[in-house]
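Coordinate analysis (summary)
Chain by chain, the residues:
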Amino acid sequence: SLVRESGGEIQSESRMREIRTSGLMSGDGKRGGALRQRSRPSSTLPVPTIRFQILYVFLVLAHDRRRILHFNVTAHPAAEWTAQQLRDAFPWDSAPSYLLRDRDRIFGDHFTRQVRDMGIKEVLSAPRSPWQRAYVERVIGTIRRECLDHVVVFNDTSLRQMLNLYFDYYHRCF
């Protein structure tokens, strides 16, 4: 493993790669690929705050118009919380046929049971393959570039307010 000195600290090349691909520094959104027509991708977006706390934004995106159907913010994502977000995103009989998601740990057994109970077929992307969720990755990159790179996030309430305003703008413009 290559080692590089950075500001008095020595960091391995694999650690530098981990930092670059962790999601906090990535999100250029330049990924291609075709996804299923009647599916809804879901993903989480890590956002650092001014106090170096990491908040997670859960997104549900409609493929047909790339419309953000639902989002919420938490500091501690868990399978139960994620399953509740799914129920909030698709009340009553509005559940999609497919749910495209990655293999993140926040999609645990509780979430999987909820998806199955709602009659949704889960489509898992391959490990470390963000191009298989191209639409949601592109939206995450857009959110980063157009919104989060220009603001300072104080807490979950301020992030939620900023994203509400941004999503109103996003849905009008795109």
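Residues numbered from 1 in each chain as written. Predicted model: local features only at pLDDT ≥ 70, side-chain atom pairs only at ≥ 80, totals over all residues. Heavy atoms only, no water.

Following the sequence through the fold, N72 ends up in strand β5 (residues 67–74). Exposure remark for N72: the relative accessible area of 18% places this residue in the buried category. In terms of polar contacts, N72 uses its side chain to reach the side chain of R160, at 3.2 Å. Beyond its immediate sequence surroundings of up to four residues, N72 is in contact with Y56, V57, F58, W81, Q85 and R160. (Helix = DSSP H or I, 4+ residues; strand = E, 2+ residues; numbered from the N terminus. Buried < 20%, exposed > 50% of the residue type's maximum accessible area, 1.4 Å probe, protein only. Polar contact = N/O pair within 3.5 Å; in protein donor to acceptor, adjacent residues only side chain to side chain. Contact = heavy atoms within 4.5 Å.)

So, on to the packing of aromatic side chains. For the structure on display, the rule yields six aromatic pairs. An aromatic cluster is defined as three or more aromatic residues linked by ring pairs; in this entry it consists of F71, Y166, F167, Y169 and Y170. (Phe/Tyr/Trp six-rings, centres within 6.5 Å; stacked < 30°, edge-to-face > 60°.)

Given 3.6 residues per turn, any residue in an α-helix points the same way as the ones three and four places further on. Compared with the 18 Å implied by 1.5 Å per residue over 13 residues, the 18 Å span of helix α4 (residues 134–146) between its first and last C-alpha is a close match. Among all positions in α4, only A134, V136, E137, V139, I140, G141, T142, I143 and R144 are buried. (Expected span 1.5 Å × (residues − 1).)

Computed from the structure, the second largest pocket encloses a volume of approximately 240 Å³. In terms of lining, the second largest pocket is formed by R65, R66, R67, R138, V139, T142, R145, E146, Y170, H171 and F174. Elements with a minimum of two residues in the lining of the second largest pocket: α4 and α5 (156–173). At five residues, α4 tops the list of elements feeding residues into the lining of the second largest pocket. Here the lining of the second largest pocket is built from residues that sort into three nonpolar, two polar and six charged. (1 Å grid on protein atoms, 1.4 Å probe; cavity = no way out; pocket = protein on both sides within 12 Å on 5 of 7 lines; lining within 4 Å. Points joined across faces, edges and corners; volume = space filled by probe spheres on them. Nonpolar A, V, L, I, M, F, W, Y, C, P; charged D, E, K, R; others polar.)

The geometry of α4 relative to α5 is characterised by a closest axis approach of 12 Å and an angle of 115 degrees between their N-to-C directions. Between α4 and α5, the angle is such that the two are roughly perpendicular. Seen from above, α4 lies across α5 with right-handed handedness. Between α4, through V139, T142, I143 and E146, and α5, the contact on the second element is made entirely by L163, Y166, F167, Y169 and Y170. Classifying every residue of the contact of α4 with α5 by side-chain character gives seven nonpolar, one polar and one charged. (Axes fitted to C-alpha atoms, helices over the stretch in contact; angles between N-to-C directions. Parallel < 35°, antiparallel > 145°, perpendicular 65-115°, else oblique. Left-handed = near helix turned anticlockwise from the far one by under 90°.)

What follows is about the confidence of the model for the chain. Of all residues in the chain, 76% attain a pLDDT of 70 or more, and the chain-wide mean is 79. Within the chain, the element-level pLDDT minimum falls on strand β1 (residues 3–6), averaging 40, and the maximum on α5, averaging 95. Long-range and interchain partners of residues 1–12, a stretch whose pLDDT sits below 50, account for 18 contacts in this model, where long-range means more than four residues apart. Overall, residues 15–40 carries pLDDT values under 50, and its contacts beyond four positions in sequence, including any with other chains, amount to 56 contacts. (pLDDT = per-residue confidence, 0-100.)

On to the pairing of β5. The buried count for β5 comes to six of eight residues, which makes it a mostly enclosed element. Note that strand β4 (residues 54–62) and β5 share seven bridges and pair antiparallel. Directly across from V57, in β5, lies its bridge partner V73. In this antiparallel pair of consecutive strands, β4 and β5, the connection spans four residues, and R66 shows a positive phi of 55 degrees. (Pairing = 2+ DSSP bridges.)

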